[in-house]
Amino acid sequence: MPGRRSVAPEERERPRVTRVLETALYVDDPSGVAEFYEHVLGLEVISRTDRLVAMHAGEGTVLLLFRRGATGEGAPTPGGRIPPHDGQGPAHFALAIRASELEAWRTRLAEAGVAVESEVEWSRGGTSLYFRDPQGHSVELATPGVWPVY
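Residues numbered from 1 in each chain as written. Predicted model: local features only at pLDDT ≥ 70, side-chain atom pairs only at ≥ 80, totals over all residues. Heavy atoms only, no water.

**Student:** Looking at this structure, how should I read a nonpolar patch on the surface?
**Tutor:** On the surface, Trp-147, Val-149 and Tyr-150 cluster together to form a nonpolar patch covering roughly 380 Å² of accessible area. Take Tyr-150: it is sitting in the segment after strand S10 (138-142). (Patch = residues over 30% accessible without salt bridge, like charges linked within 9 Å, V, L, I, M, F, W, Y side chains within 5 Å. Areas by Shrake-Rupley, 256 points an atom, 1.4 Å probe, with all protein chains shown as cover. Salt bridge = Lys/Arg side-chain N within 4 Å of Asp/Glu carboxyl O. Helix = DSSP H or I, 4+ residues; strand = E, 2+ residues; numbered from the N terminus.)

This is the structure in structure tokens:
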């Protein structure tokens, strides 16, 4: 268009990531591990196949429990192809909790027979509770104040 100047790449607004949408764990028994997350943490199963259980992890996030070794070939879908992926060994992820519910979470974990492996009080004021799921993954429940962005 006449009179319109082109915008240099460094002047254009960059697209931004809004959040982590999915977190994937690789497990031997997706349905069995899903029971842990459902009964202990209150996550809701939103999809279940032999290869994977998808769980609503709050505020538009999803925890994917893939059968270990079942994703190495990728997967065709009606809309395209999911590339291959896999993982081994214990992974780590954190779930956000309200600071006002920290004590209730300590009680809930104890009642469910889940041992808190570690508790950390962060310099920004947040607290983290660490424990293991049935496959040995390190799960963290974290209150605000753990990171500058949370």
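**Student:** Looking at this structure, how should I read the sheet that holds strand S8 (residues 118-121)?
**Tutor:** Within a sheet, each strand pairs with its neighbour through backbone hydrogen bonds, oriented either parallel or antiparallel. Overall, mixed pairing links the 4 strands, which are arranged S7-S10-S9-S8 in an open sheet. Of all strands in the sheet, those with a lone pairing partner are strand S7 (92-96) and S8, marking the two edges. The sheet shows a mean angle of 20 degrees between the axes of neighbouring strands, direction not considered. Against the sheet, helix H2 (residues 102-111) contacts S8, strand S9 (127-132) and S10, and its axis sits at roughly 15 degrees relative to S9. (Pairing = 2+ DSSP bridges. Axes fitted to C-alpha atoms, helices over the stretch in contact; angles between N-to-C directions. Contact = heavy atoms within 4.5 Å.)

**Student:** Would you take a moment to explain the layout of surface pockets for this structure?
**Tutor:** In this model, the largest pocket occupies a volume close to 1,100 Å³. What lines the largest pocket is a set of 33 residues, and nearest its centre among them are Ala-57, Ala-94, Leu-95, Ala-96 and Ile-97. Of all the secondary structure elements, the ones that give two or more residues to the lining of the largest pocket are strand S1 (22-27), strand S4 (62-67), S7 and S10. For the lining of the largest pocket, the element with the highest residue contribution is S7, accounting for 4 residues. (1 Å grid on protein atoms, 1.4 Å probe; cavity = no way out; pocket = protein on both sides within 12 Å on 5 of 7 lines; lining within 4 Å. Points joined across faces, edges and corners; volume = space filled by probe spheres on them.)

**Student:** Would you take a moment to explain unusual backbone geometry for this structure?
**Tutor:** Leaving glycine out, the prevailing phi sign among residues is negative, and the prevailing peptide bond configuration is trans. Unusually for a residue other than glycine, Glu-59 sits at a positive phi of about 45 degrees. You can see Glu-59 is positioned in the loop between strand S3 (52-56) and S4.

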